[in-house]
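# Understanding the architecture of this molecule
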Amino acid sequence: MKVIVAVVPSDKLNDVKNALLEVKVGKITVTHVIGCGAQAGKIEDDQGNPTGGELMGRVRFEIAVNDDYVKPTVEAIIKGARTGHIGDGKIFIVPLEECIRIRTGESGRMAIG
Ligand SMILES: Nc1ncnc2c1ncn2[C@@H]1O[C@H](COP(=O)(O)OP(=O)(O)OP(=O)(O)O)[C@@H](O)[C@H]1O
Ligand SMILES: [Mg+2]
């Protein structure tokens, strides 16, 4: 099991969500966050002096999946978010030790799927 965490521009929320639904990934958590990426330290002010990077609004998807769903989930996120320009976002794949459905007490594959 893995947790796929994806941070993408806020205006890609619906495109990513729809791409996930197309591959039958429908259990998602979305949080509005702020952040900056690789370009943050390179921002200059009007006088050309380096400044701290602005933290931009983003959306953060958290999706817990069984291992066989990692690839289609990642591909769907990329399909929904990629423009080819800087700032398209980033995907983190994190090992998940356990998942428990509170209502039934199910755990593991049954709880995630
Ligand atoms: N290493 C990281 N750790 C935590 N959050 C990150 C990291 N890299 C990116 N992010 C988050 O993802 C968002 C989008 O990142 P972004 O697409 O700008 O990555 P990048 O590495 O700068 O790539 P690019 O050069 O394509 O812009 C950032 O605003 C930040 O919230
Ligand atoms: Mg960037």
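Residues numbered from 1 in each chain as written. Chains lettered and ligands numbered in written order. Predicted model: local features only at pLDDT ≥ 70, side-chain atom pairs only at ≥ 80, totals over all residues. Heavy atoms only, no water.

Reading across from one edge, β2-β3-β1-β4 is the order of the four strands in this open sheet, with antiparallel pairing throughout. At either margin of the open sheet sits one strand with a lone partner, and together these are β2 (29–35) and β4 (90–95). Averaged over all pairs of adjacent strands, the angle between their axes in this sheet comes to 25°, without regard to strand direction. Where strand β1 (residues 2–9) and strand β3 (residues 56–65) come together, eight bridges link them in antiparallel fashion. If you follow K2 over to β3, its bridge partner there is V65. Helix α1 (residues 13–22) rests against β1, β2 and β3 of the sheet, and its axis sits at about 15° to β3. In the packing of helix α2 (residues 70–81) onto the sheet, the strands contacted are β1, β3 and β4, and the crossing angle to β1 comes to about 5°. (Pairing = 2+ DSSP bridges. Helix = DSSP H or I, 4+ residues; strand = E, 2+ residues; numbered from the N terminus. Axes fitted to C-alpha atoms, helices over the stretch in contact; angles between N-to-C directions. Contact = heavy atoms within 4.5 Å.)

Here we come to α1. V16, A19 and L20 are the residues of α1 that are buried. For α1, the angular spread of the buried residues around the axis is 100°, confining them to a single face. Along its buried surface, α1 packs onto β1, β3 and α2. (Buried < 20%, exposed > 50% of the residue type's maximum accessible area, 1.4 Å probe, protein only. Arc of directions from axis to C-beta.)

Once that is clear, we can look at the site of ligand 1. If you check the shell around ligand 1, you find 13 residues, and the closest are A38, Q39, G87, G89 and K90. Contacts to ligand 1 include G35, whose backbone N or O atom sits 3.4 Å from an oxygen atom. Contact between ligand 1 and Q39: an oxygen atom at 2.9 Å from a side-chain N or O atom of the residue. Computed on the free molecule, ligand 1 has an accessible area of 600 Å², of which 67% lies beneath the protein chains in the complex. Tallied by class, the residues present in the shell around ligand 1 amount to five nonpolar, five polar and three charged. (Near = heavy atom within 4 Å. Polar contact = N/O pair within 3.5 Å; in protein donor to acceptor, adjacent residues only side chain to side chain. Areas by Shrake-Rupley, 256 points an atom, 1.4 Å probe, with all protein chains shown as cover. Nonpolar A, V, L, I, M, F, W, Y, C, P; charged D, E, K, R; others polar.)

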